[in-house]
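Survey of secondary and tertiary structure
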Amino acid sequence: MVIDGDGQVILVNRAWLDSSALLGGGGSAAADWLGQSLPEQVRATDHPALGGSAFATDIQAVQAGAQTHAERETSVALAWETRWLKLFATRLQGALPGVLVQRDDTTALKKAQQALLEQSTYLNSILDSARTLGIMALDGEHRIAFFNPAAEAIFGLTEQQAIGRPLEALEASMGLDGDCIRAGLRTAQVSGEEVFESSGFAGQPDRLFESRIAPVRAADQRALGFLLTTRDVTDERSYRQRMEQLNEELEERVRQRTQELEYSRASLESAQQIAAIGSWEWDLSTDQLRWSAEMYRIFGLEPSAGEPPLETLLELAHPDDRARFESAVRALHDAVSLQYDIEFRIIRRDGEEHVLRAIGRRLDSANGRGARLLGTLQDITERYRLMDELVKAKEAAEYASQAKSRFLANMSHEIRTPMNAIIGMTELVLESKLDTQQHKLLRSACSSAHALMAILNDVLDVSKLESGKMSLETLLFSLPELLQEIVQATETIARRQALALRLEISEGVPACVLGDPTRLRQVLVNLLSNAVKFTPQGKVRLLVAPAAEADSLQFSVIDTGIGISAANLDKIFERFSQADQSTTRRYGGTGLGTAIAKGIVEQMHGRIWVESEEGLGSRFHFVVPLPAAPGVSDCGSKTETSPNDEPWTLPLRILLVEDIDINQELVELRLSQRGHQVRIADNGQRALDLHAAEDFDLILMDVHMPQMSGDEAVRIIRQREQQSGRHIPIIMLTASVLPSDQQQCFDAGADDFVAKPIDFGELYRKMARHFPTQQRPLVIAAAGAGAEPAQPAAPGDLPPLVAVDVEAGRQRWGDRRSWLKALRRFGQDDAQVPRQVMHWLAQGELDSAREALHALKGVAGNLGVKRVAASAQQIEQLLKQHRQPDPAQLAELQAAMDELILDLERLGPAVEDAQAYSSDGPFRDAAKASLLLDALISALASSELDDAAIEGLRDALTPTTFGELEALLDGFELERAEQLARTLKAAADP
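Here we summarise the structure given alongside this text. (Residues numbered from 1 in each chain as written. Predicted model: local features only at pLDDT ≥ 70, side-chain atom pairs only at ≥ 80, totals over all residues. Heavy atoms only, no water.)

1. Let's talk about the overall build of the chain
Condition: The secondary structure listing takes helices from DSSP runs of H or I that are at least 4 residues long and strands from runs of E that are at least 2 residues long, numbered from the N terminus. Each residue is placed in one exposure class: buried if its accessible area under a 1.4 Å probe, protein chains only, is under 20% of its type's maximum, exposed if it is over 50%, and partly exposed if it falls in between. Residue contacts follow a heavy-atom distance rule, with two residues in contact if any of their heavy atoms lie within 4.5 Å.
When helices and strands are counted, the chain shows 36 helices and 29 strands. For the chain, with 990 residues in total, the buried portion stands at 46%. Considering only contacts in the chain between residues 6 or more positions apart, those separated by 24 or more positions represent 60%.

What follows is the structure, given as structure tokens:
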């Protein structure tokens, strides 16, 4: 439209008229416009299609010459859409004044701009969301075109500081290595990518990053710039998880991009390449398969050949994994499953074998038909290679450990056998007539041999702890009684050093606990021995108190000794380590005691620590779980209880069900001494037969027996009683005190139980719960057995024994003759059991080995052969857990049996004759002893020693009695020695 100098329309074209008909704001015929004042009409109609009064003002300003050009954007809201317009007013040049008014429809351009803005915002929000991946885009002049928030955090610059500036100008402030960046840009331009690691970036200077530079190209391969991504690889695993999630989101969104977002697609494809994870999509409706570039690299295929069919992938799969891979894909395709996550191998065409992790998922449309399958593929070959190396290293370490165990087992057997002979023969010679010098030399040799055996035991214990083969028992025992024994054993050495040794037990410490008394003793003996050894003067205390942890106790060994320097505290629990070399030279020792104590405490699920100051003593503490025995208040050994104090029941008819001959003999002997009649069955079935044929008052039932177990026999007896209406008390004889095992006895129908080795005082008390008691008869008539001895026989007539606990064995049997006879028979009948067990284990006959060990454990425990019993129980427990014992544990069992055989050889005539003790008691020659004791008492009264009288008493007294006297004299306990001499003098005189 053209207007003259007065503003009147002098020319209007068809396009103006057509648009007016569509948009409104004026007529659609030329007559409606020609001759009309355009500014007045625009102002009067105030229609958006004419720009309103604001555009009328612009026209008049151009008409008046105030400006040569004016333009204004406006929009018209139609019923179906909004149309965007651009209005122009341009002053015409020349003699004829006038204004050219133009109206352009810019709707299509406006929509294109808006779509491009939305797409750009969408892309930027995606790239901004990559919070752990710094993304920086460079244009062709290496200026920063994009800088996401993660890049801001990494490089220490804001987006405003970075956008539009050359990268070279920001190298120093960002902490970049300029030479490395420029070299990377050149390499990426040629090879397509450059990857390098660097650190020291301004935003996060202490982190390590992996940077990748990749060129960004248009569809026609024109270079648009570069994409530089930086990721924190300090925590690779965390990064990978985040990157996989981001990659999956980006892959799904990239497929929805239009071709106008070429730059966006190129950026996202580069990000996928950085993650090194391939992705694929299979559109089931079109059967079209799409692969990312990484998929081709993983399979070693050329992208130019296009996406390969499934058959090609199956050919590349390893023959052993092909069926599993195909099954997973087919199941996903056929909707049998909605996803899979598998690992399989491929053999690429270049011959390399790779391990892949494949994840696939099925996405169904609303109508239930499969729309598409999606998945990712990751090359995990390197991870498998590392795992294989770890397995090989583990196997090599285990083989070395087994070789060491075999060596230690062989060494133990080879050393123990001659050492047992050396100790045994030396002790025998010590009992013969020797002069003073010979006796001292042989005592030194014997002491050294015992020290060597202790070192050997320590080395074996360390080996067991290292290999995890030291097993623990769970037994019911009296804690105060155990502590007293340990303190009394250490007290002799403490007295020689004039040390005070005290035991302090706090309130709340249970008397009866469940745990491993042998290992607890080993820990406490090690710590107490060290405390006494390293305390020249002062005192040593053993404190026991409840710990903060539930069902646990804290033990503390406190001394006033030399202490430990702060520099050496950390290595005090190391193997073969002492505080310093001077300690070893002055006090001796191997440095294994505390290491063994630490290993045992930790295996008991406890903890141990030390507090010490040099010159001020040490405080060793440890806490271990020792729960109180449920329902038991008194579990002492009752070794000091007189037979008169034990309850005596009226004579009973008792059925004893026990499969071991020696155990049968023991129980029958002790019960017969009390007037009871005993019938014996050697298995559960035989017991049922006797129960049906005869009447019994009481049944003592073993648990583990051939043909039929004790539990099963008890159940059948209780079923019979439901018909007869009679109830016979049944006491189970079991080798375990675990609550679960005890409950199993009660569940079967037992009335009570007694643990093996049998404590007969406890058995008598359990019997008294079910039957009337009486005063102990003055004379007990027992068929085939003598009366129970009123006093325990003195052990002085037996030589010192290593493997046999003489006091425990004789007290349990109550009859010396029967006990020695049973001990000899045990040595003859069971000497080969360890070798039989090794043979059965080698042949895989685990049940036979377990049954033999169970029987061996019970018999050895009843006879007082504690080392054999403990070793057999340890191996039996392993077999119950379906674990194989190591060679060291089998060697320990054989060594314990060898030690018993040597003890039996030491006993000699005592076992052969099995005769009553001599009436002379502690004397070999009572008359001679009486004269010599007079001389010794006289000398001791003057605080002197009579060497001639002492040497004479060596022959006149039994070895054990003389040993007690000699120990007091060697320790200069002259008052106690005089008291003992006077007691012996009174016994020697008629």
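2. Examining helix 30 (residues 866-880)
Under the convention used in this document: Given the number of residues in a helix, its expected span is that number minus one, multiplied by 1.5 Å.
Across its 15 residues, helix 30 extends 21 Å between first and last C-alpha, which sits within 8% of the 21 Å expected from 1.5 Å per residue. Of all 15 residues in helix 30, eleven are buried, a share of seventy percent or more. All of the buried residues in helix 30 are R867, V868, A869, S871, A872, Q873, Q874, I875, E876, L878 and L879. Once helix 30 ends, the next one or two residues include H882, with phi positive near 60 degrees.

3. Let's talk about the sheet that holds strand 25 (residues 677-681)
Short version of the rule: At least two bridges found by DSSP between two strands are what make those strands a pair. Only the stretch in contact is used when a helix axis is fitted, and all axes are lines through C-alpha atoms; the angle between N-to-C directions ranges over 0 to 180 degrees.
Spatial ordering of the open sheet is given by 25-24-26-27-28, a layout of five strands whose pairing is parallel. Edge positions in the open sheet fall to strand 25 and strand 28 (752-755), since each of these has one partner strand only. Adjacent strand axes in the sheet meet at a mean angle of 20 degrees, parallel and antiparallel pairs treated alike. Sheet analysis places strand 24 (residues 653-657) next to strand 25, joined by five bridges and oriented parallel. Bridge pairing in strand 25 places R653 opposite Q677. Helix 22 (residues 684-693) contacts strand 24, strand 25 and strand 26 (698-702) of the sheet and is inclined by roughly 135 degrees relative to strand 25.

4. Here we look at the sheet that holds strand 10 (residues 223-232)
Pairing is antiparallel across the open sheet formed by five strands, whose spatial order is 7-6-10-9-8. Two strands close off the open sheet at either side, each with one partner strand: strand 7 (144-147) and strand 8 (194-199). Sheet twist, expressed as the mean angle between neighbouring strand axes with direction ignored, is 20 degrees. Summarising the sheet, strand 8 and strand 9 (residues 208-217) pair through six bridges and their orientation is antiparallel.

5. Quick notes on the environment of E326
Among the secondary structure elements, E326 is positioned in helix 13 (residues 322-333). In the structure, E326 is positioned 13 residues away from L313 in sequence and 9.2 Å away in space, judged by C-alpha atoms.

6. Comments concerning the pairing of strand 20 (residues 552-559)
Extensive coverage of strand 20 is indicated by the burial of seven of its eight residues. Across seven bridges, strand 19 (residues 539-546) lies against strand 20 in antiparallel orientation. Paired with V540 across the strands is D559, a residue of strand 20. Count of turn residues in the strand 19/strand 20 antiparallel hairpin: five residues, of which D551 carries a positive phi of about 55 degrees. Of the strand pairs in this sheet, strand 20 and strand 22 (residues 618-625) are connected by seven bridges, and their pairing is antiparallel. Residue pairing across strands places V557 opposite F620, the latter belonging to strand 22.

7. Quick word on the environment of V657
Counting through the fold element by element, V657 comes out in strand 24. Under the relative-accessibility criterion, V657 is labelled buried at 0%. Spatially, the C-alpha atom of V657 lies 9.0 Å from that of V703, the residues being 46 residues apart in sequence. Residues in contact with V657, not counting those within four places in the same chain, are A681, N683, G684, A687, I699, L700, M701, D702 and M705.

8. Digging into the pattern of salt bridges
Filter applied, for reference: Any carboxyl oxygen of Asp or Glu within 4 Å of a side-chain nitrogen of Lys or Arg constitutes a salt bridge here.
Taken as a whole, this structure holds 54 salt bridges when the rule is applied. Taking the shortest distance from any N to any O, the salt bridge between E281 and R372 comes out at 3.2 Å. Of the two residues, E281 sits in strand 11 (residues 278-283) while R372 sits in strand 15 (residues 370-379), which places them 91 residues apart along the sequence. Salt-bridge contacts for R867 lead to E899; the nearest nitrogen and oxygen are separated by 2.9 Å. Here E899 lies in helix 31 (residues 887-907) and R867 lies in helix 30, a separation of 32 residues in the sequence. E899 gets classed as buried once you look at its relative accessible area, which sits at 6%. What you see here is one network of salt bridges that share partners, running through E81, R83, D105 and K111.

9. Here we look at the packing of aromatic side chains
Pairs of aromatic rings are described using the distance from one ring centre to the other and the angle between the two planes. The criterion, for reference: Aromatic rings from Phe, Tyr and Trp, taking only the six-membered ring of Trp, are treated as a pair when their centres fall within 6.5 Å; an angle between ring planes under 30 degrees marks them as stacked, one over 60 as edge-to-face, and anything in between as tilted.
Taken as a whole and assessed by the stated rule, the structure comprises ten aromatic pairs. Ring plane angle 85 degrees and centroid distance 5.9 Å describe the contact between W16 and W33, whose orientation is recorded as edge-to-face. Here the residue W16 occupies a position in helix 1 (residues 14-23), and W33 occupies one in the loop between helix 1 and helix 2 (38-45), the gap between them amounting to 17 residues. W33 sits in the buried class, given a relative accessible area of 0%. When the centroid spacing of 4.9 Å and the interplanar angle of 45 degrees are considered together, the rings of F155 and F201 count as tilted. One end of the pair, F155, is in helix 5 (residues 149-155); the other, F201, is in the loop between strand 8 and strand 9, with 46 residues separating them in the sequence.

10. Some thoughts on helix 33 (residues 926-941)
Taking 1.5 Å of rise per residue, 16 residues should cover 22 Å, and helix 33 covers 22 Å from first to last C-alpha, within 8% of that figure. Among the residues of helix 33, A926, A929, S930, L932, L933, L936, I937, A939 and L940 are the ones counted as buried. On its buried face, helix 33 sits against helix 34 (947-956), helix 35 (959-970) and helix 36 (974-988). Two residues or fewer after helix 33 comes S943, characterised by a positive phi angle close to 60 degrees.

11. Some points on the nonpolar core
For clarity, the cut-off: Put simply, a nonpolar core is a bunch of buried Ala, Val, Leu, Ile, Met, Phe, Trp, Tyr and Cys residues held in one set by side-chain atoms that sit within 4.5 Å of each other.
Of all hydrophobic cores here, the largest spans 54 residues; its most connected members are L700, F826 and L863. Here F826 is in contact with I662, A831, L856, V859, A860, L863, V865, M897 and L900, once residues within four sequence places are set aside. Counting residues in each nonpolar core, the second largest holds 38 residues, with L483, V513, V557 and V624 among its members.

12. Structural notes on the pairing of strand 14 (residues 353-364)
As paired strands, strand 13 (residues 339-347) and strand 14 are joined by nine bridges and run antiparallel to one another. Bridge pairing links I342 to A358 in strand 14. Hairpin connection from strand 13 to strand 14: five residues lie between these consecutive antiparallel strands, with G351 at a positive phi of about 90 degrees.

13. Thoughts on the packing of helix 21 (residues 661-672) against helix 25 (residues 760-768)
Between two packed helices, both the angle of their axes relative to each other and the distance between the axes serve to describe the pair. Rules: Our angle categories are set so that under 35 degrees counts as roughly parallel, over 145 as roughly antiparallel, 65 to 115 as roughly perpendicular, and the remainder as oblique. Rotating anticlockwise by less than a right angle from the far helix to the near helix defines a left-handed crossing, while the corresponding clockwise rotation defines a right-handed one.
Between helix 21 and helix 25, whose axes approach to 12 Å, the crossing angle comes to 60 degrees. Of the possible angle classes, the one that applies to helix 21 and helix 25 is oblique. Crossing of helix 21 over helix 25 shows right-handed handedness. Seen from helix 21, the contacting residues are L666, V667, R670 and L671; seen from helix 25, they are F760, L763, Y764 and M767.

14. Quick word on unusual backbone geometry
One non-glycine residue, D46, lies in the positive phi region at around 45 degrees. As for its placement among the helices and strands, D46 is situated in the loop between helix 2 and helix 3 (52-63). The class of D46 is partly exposed, set by a relative accessible area of 47%. We note that D287 has phi near 60 degrees; this positive angle belongs to a residue other than glycine. For D287, the location among the structural elements is in the loop between strand 11 and strand 12 (288-291). In this structure D287 comes out as exposed when scored by relative accessible area, which is 56%.

15. Quick word on the environment of K766
In plain terms, the rule: Here a polar contact is taken to be a pair of N or O atoms separated by no more than 3.5 Å, where protein atoms must pair a possible hydrogen donor with a possible acceptor and residues adjacent in sequence count only if both atoms sit in side chains.
As for its position among the elements, K766 is in helix 25. The class for K766 is buried, based on a relative accessible area of 8%. Put simply, K766 and P647 are 119 residues apart on the chain and 9.5 Å apart in space, counted from C-alpha to C-alpha. Polar side-chain contacts of K766 include one of 2.8 Å to the backbone oxygen of F753.

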